[in-house]
Amino acid sequence: MTHSPICPASRHIPTGPDARARLKRSRMSEITPALVAEHGLSPEEYGVILTALGRTPNLTELGIFSVMWSEHCSYKSSRLHLKKLPTTGPQVICGPGENAGIVDIGDGDAVIFKMESHNHPSFIEPYQGAATGVGGILRDVFTMGARPVANMNALRFGDPGHPKTRHLVKGVVAGIGGYGNCVGVPTVGGETNFHPAYNGNILVNAMTVGTVRTDRIFYSAAAGIGNPVIYVGSKTGRDGIHGATMASAEFTEDSEEKRPTVQVGDPFTEKLLIEACLELMATDAIVAIQDMGAAGLTSSSVEMADKGGVGIHLDLDKVPCREEAMTPYEMMLSESQERMLMVLKPGREDEARRIFEKWELDFAVIGEVTDTKHLVLSFGGETVCDIPLGPLGDNAPLYDRPHVPTPARQPIGGLAPRNGVTDDLVTLMGCPALASRRWIWEQYDHMVMADTIGRPGGDAAIVRVHGTKKAIAITTDCNPRYCFADPVEGGRQAIAEAYRNLTAVGATPLATTDCMNFGNPERPEIMGQFVGCIEGMAEACAALDMPIVSGNVSLYNETNGVGILPTPAIGAVGLLKDYDRRTDIAFKTAGDVIWLVGAPGRHLDQSVWLWQVEGREDGPPPPVDLAAEKAMGDYIRNLIGNGEITAAHDISDGGALVAVAEMALAGDMGAALTPMSHAEAFGEDQARYIVTAPEGVAIEGTRLGTVGGASIAVGGTQVGLADIRTAHRDWLPDIMTR
Amino acid sequence: MKAAVIVFPGSNCDRDMAVALRDVAKADVQMVWHGEADLPDVDLIALPGGFSYGDYLRTGAIAAKSPVMAAVVKAAAQGRHVLGVCNGFQMLTETGILPGALLRNAGLDYVCRDVPLTVEAADGAFCGDYEAGGTIRIPVAHHDGNYFADEGTLDELEGEGRIAFRYAEPVNGSARDIAGIRNRRGNVLGMMPHPERLVDRDQGGTDGRGLFTALAKALG
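Residues numbered from 1 in each chain as written. Chains lettered and ligands numbered in written order. Predicted model: local features only at pLDDT ≥ 70, side-chain atom pairs only at ≥ 80, totals over all residues. Heavy atoms only, no water.

1. Concerning the packing of helix H19 (residues 487-503) of chain A against helix H20 (residues 524-543) of chain A
A packed helix pair is summarised by two numbers, namely the angle formed by the two axes and the spacing between the axes.
Residue and element names in this part refer to chain A.
Working step 1: At a minimum axis separation of 6 Å, H19 and H20 run at an interaxial angle of 40°. What the angle tells us is that H19 and H20 run oblique. For the pair H19 and H20, the sense of crossing is right-handed. Here H19 contributes Pro487, Val488, Gly491, Arg492 and Ile495 to the contact with H20, which in turn contributes Gln529, Gly532, Cys533, Glu535, Gly536, Met537, Glu539, Ala540 and Cys541.
Working step 2: Grouping the constituent residues of the contact of H19 with H20 by class yields seven nonpolar, four polar and three charged. (Axes fitted to C-alpha atoms, helices over the stretch in contact; angles between N-to-C directions. Helix = DSSP H or I, 4+ residues; strand = E, 2+ residues; numbered from the N terminus. Parallel < 35°, antiparallel > 145°, perpendicular 65-115°, else oblique. Left-handed = near helix turned anticlockwise from the far one by under 90°. Contact = heavy atoms within 4.5 Å. Nonpolar A, V, L, I, M, F, W, Y, C, P; charged D, E, K, R; others polar.)

2. Things to note about the nonpolar core
Inside soluble globular proteins, nonpolar side chains tend to come together where they are buried.
Working step 1: Within the largest apolar cluster, 131 residues are counted, with the highest numbers of intra-cluster contacts made by Phe356 of chain A together with Leu21, Phe165 and Leu211 of chain B.
Working step 2: Leu502, Ala538, Val597 and Leu639 of chain A belong to the second-largest nonpolar core, a separate cluster that totals 55 residues. (Core = buried A, V, L, I, M, F, W, Y, C linked by side-chain atoms within 4.5 Å. Buried < 20%, exposed > 50% of the residue type's maximum accessible area, 1.4 Å probe, protein only.)

3. A few points about the sheet that holds strand S2 (residues 28-33) of chain B
Residues and elements named next belong to chain B.
Working step 1: The nine strands lie next to each other as S2-S1-S3-S4-S11-S10-S9-S6-S7, forming an open sheet whose pairing is mixed. A single partner strand is all that each edge strand has here, and the edge strands are S2 and strand S7 (135-142). Neighbour-to-neighbour, the strand axes of this sheet turn through a mean angle of 20°, independent of strand direction.
Working step 2: Where strand S3 (residues 44-47) and strand S4 (residues 81-85) come together, four bridges link them in parallel fashion. Bridging across to S4, Ile45 finds its partner in Val82.
Working step 3: Across the face of the sheet, helix H3 (residues 87-95) comes into contact with S3, S4, strand S10 (178-182) and strand S11 (188-191) while running at roughly 120° to S4. (Pairing = 2+ DSSP bridges.)

4. Overview of the interface of chain B and chain A
Working step 1: The partner chain A presents 31 residues to the 27 residues of chain B that form the contact.
Working step 2: Buried surface at the junction of chain B and chain A, summed over both partners, amounts to about 2,400 Å²; 52% is from carbon and sulfur atoms.
Working step 3: Put simply, chain B and chain A have seven salt bridges between them.
Working step 4: A salt bridge links Glu442 of chain A to Arg113 of chain B, with the nearest nitrogen and oxygen atoms 3.8 Å apart.
Working step 5: Where chain B packs against chain A, one counts 15 residue pairs in polar contact (both at pLDDT 80 or more).
Working step 6: Listing elements by their share of the side of chain B that touches chain A, those giving two or more residues are helix H1 (14-23), strand S6 (111-119) and S7 of chain B. (Buried area = accessible area lost by both parts, 1.4 Å probe. Salt bridge = Lys/Arg side-chain N within 4 Å of Asp/Glu carboxyl O. Polar contact = N/O pair within 3.5 Å; in protein donor to acceptor, adjacent residues only side chain to side chain.)

5. Points about the side chain of Asp685 of chain A
Residues and elements named next belong to chain A.
Working step 1: Here Asp685 shows up in the loop between helix H24 (678-682) and strand S25 (689-693).
Working step 2: It turns out Asp685 is buried and unbridged, and the closest side chain with the opposite charge, Arg688, is 4.2 Å from it.
Working step 3: A polar side-chain atom of Asp685 sits 2.8 Å from the main-chain amide nitrogen of Arg602. (Lys, Arg positive; Asp, Glu negative; His and termini not counted.)

6. Section: the confidence of the model for chain B
Working step 1: With 100% of its residues at a pLDDT of at least 70, chain B reaches an overall mean of 97.
Working step 2: Confidence metrics for the complex model read pTM 0.94 and ipTM 0.97. (pLDDT = per-residue confidence, 0-100.)

7. Brief notes about the environment of Glu525 of chain A
Residues and elements named next belong to chain A.
Working step 1: Considering the arrangement of structural elements, one finds Glu525 in helix H20.
Working step 2: Taking C-alpha positions, Glu525 is 8.6 Å from Pro402, a pair spaced 123 residues apart along the chain.
Working step 3: A distance of 2.9 Å separates the side chain of Glu525 from the side chain of Arg523, its partner in a polar contact.

8. Topic: the packing of aromatic side chains
Working step 1: Taken as a whole and judged by the stated rule, the model has ten aromatic pairs over all chains.
Working step 2: Here the aromatic rings of Phe268 of chain A and Tyr53 of chain B are separated by 5.8 Å at their centres, their planes lie at 45°, and the arrangement is tilted. On the criterion of chain membership, the pair formed by Phe268 of chain A in helix H11 (residues 267-281) and Tyr53 of chain B in the loop between S3 and helix H2 (67-77) is interchain, its members lying in two chains. Summarising the burial analysis for this pair, Phe268 of chain A and Tyr53 of chain B share the class buried.
Working step 3: With 6.1 Å between their ring centres and 10° between their planes, Phe89 of chain B and Tyr147 of chain B make a pair best called stacked. (Phe/Tyr/Trp six-rings, centres within 6.5 Å; stacked < 30°, edge-to-face > 60°.)

9. Concerning the UniProt feature "active site" (unreviewed entry) in chain B
Working step 1: Under the present numbering, the feature "active site" (unreviewed entry) in UniProt falls on Cys86, His194 and Glu196 of chain B. Spanning 111 residues, the named residues nonetheless gather at one spot, since no C-alpha pair among them exceeds 11.0 Å.
Working step 2: Contacts of Cys86 of chain B, omitting those with residues within four sequence positions, involve Gly49, Ala141, His142, Met191, Met192 and His194 of chain B.
Working step 3: Summarising the element assignment, Glu196 of chain B is placed in the loop between S11 and helix H6 (209-219).
Working step 4: By relative accessible area, Glu196 of chain B is classed as buried at 1%.
Working step 5: When sequence neighbours within four positions are dropped, the list of residues in contact with Glu196 of chain B reads Ala450 of chain A together with Cys13, Asp16, Met17, Ala20, Val85, Gln203 and Phe212 of chain B. (UniProt positions renumbered as here; feature names shortened; annotations may be inferred.)

Take a look at the structure:
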């Protein structure tokens, strides 16, 4: 130990008998093997701690190692593989490693975005779990200087008939709305799946997109020895202690008892925090800033110091606390929400304090940047923690976990559809996989800020860059059933589908964020899913020029040894340079010709039709031809840019006929189509779109029919649009209000 | 026209309102912090939507006690024009400038969607550019928009032509489908739907423009 105390002890004399009692309590616990195990640390990991410190840690230090080395914070099982993802490109200003990714959109504007999971807390306490998920991702974005302009989400629930599903759907949706609506950031879209594999572990992935001027971006690396470290926002309470550790373990029957580890959100304070931070960011007082997310004060201080290659000293007596007699252990591990840590330029404290006081937020100078490369904590006049930063951050444990590839599946063949194509269409449009999600997004304010010009329900949401002709298109995508059947192909497909959804509104895809949700990485087959999905995603991101600029990994989504479907949720952002050159999915004019762009459908294996009509989830997913995706995307974007087509829709879940029906419902106009086989109607072959254009416009594709009437007619049979609408509209509200 | 948009902690439609007033009503707009005790000399005071004070206690209740609200009450009594949208409407009932209260939606859920409104009163500074009996489409976004007043008050509102807009389909359980009301003198309008959100084609409609063009004509 070469470190010497930085602060003279006289600066923080114990504040009375109470402080001394607290200190004593936090030092009393003997570090036993059981206590180490309770902290989620293996005996080997504990051995590394002993070596790093050259002594036995105290309880506070053990807690700090425990959260920093949790899977959630350290990415110890995933780091090795995440490196395979492409993360650079001329459009990328900042890739993974910061609070969020940053992409250039020209004219001195940039977008900052990231998606993050809040799975474990949302299962235990759906409203607060989901709400604080939104709060956390918002902070990741405005920490970097951006004003958040859109929220998205990707949700996975269990079987609709499972006794817990309705409760979880209701709570999660209310929580996302409760937070986003109050903060005043529109929730413009997302996706929701139901599958029995999520019965014991739902997925709540929240994404925020913000806009910033490129000369007003803020980073988290602390700098300037002696610069003050500032705490702002809400006070610290005992909520969420060990949230990160909880999120790094499997669930068992008694997981409900973990409710106290779920944080409680206060979106009103978050709104004030956004405004106060942006007001301070308009000055040049900030050196570095970082939100307190998972592992709260611990991870924020460690990351800031580690990134800056400096040390940090915090005086815990100065931390604003909400509860009496909090120990250093509790303060450092609390995940109380709506808090930020900043390093200011010297002498700028008063200016900053005035802004935070105007917004009625706590503001406290709690420490300073040091040259020690150690995290040092004082409390009651004594040093209660002194840890070298290396082992906490960059040199945290790294595992190359054994992984086995998922066996290839054989095509099933010999399918003999029993029903007519139009009958199956009605079934599919009202099935859990494809029915309207309107019940969900009507609970989200998707219009606040008045720049939403592509609302939920289309391929991608569109939000204007305020005061310009530019707009950002946003989508979230993943087909976990494909990923389960073939992780590599599923990984490719998730990126390809995001690419198509951005393309279908006319946007040029820019970059991607990912939220990697998987089961227990200590099982080789689960690790194989993870490695496979990464491989497919990496290929697709490179081929489609959509680098990954930010992301998050959530492992141990298992209950009693049963894992979820592998779910690499993708959030992607595209740019419309001129939002007048955009389109949507709605049929516009009777008589327009309906075209299939791409090959006729053939692939029914793993389709929604096979699942929902035949009750089977067999075979391989449709193969993805990335060169074809790219060519087809460029072609569609040109058609939209040139104003040659009147509507566009990508073909994904459900196939071509479902895409046509969705376009018909959006425009309230039917379609008359030439006869189709089930494979042509419901095959989920990739790299395909449906477009409409006036008669006479030459489209390179297959003419399927024309827009018009009040039904979908396929050859000689037809079904009324009203029947499709009823099935599509009512399924979700019916199960939620039953 | 000169307009002031009052900003409370937790307001989040303040910018949207300012943009609509500037772009459509061609107003000279200034933002006024809730802590101000005096109002600038303006023709229109706008109380924007949002979640002032996080909707804690009751929607609009804490904002109604803000320093600036005493000045708003006084200005309204003097005949200055006041527009309250969504949370702004809730503040107007909380201060008693308008009668009644906004309760939790009958369906208990937050609701955000375009709704058809019937224009009941096509006159005055706010509604003069709409057609009486016509239907306009304006979005709502609220959790507490269920208008309540006693029968006597409701009869009075009807009798005096003070109901400005009614929902043309069920939305939140409002008494007599009330979406917006005026004070007796006609210089104060409170409404739950957000006209400032549909003022240009790209937003998906322009039915909100009429309110701002009418204000421009009436207030210069």
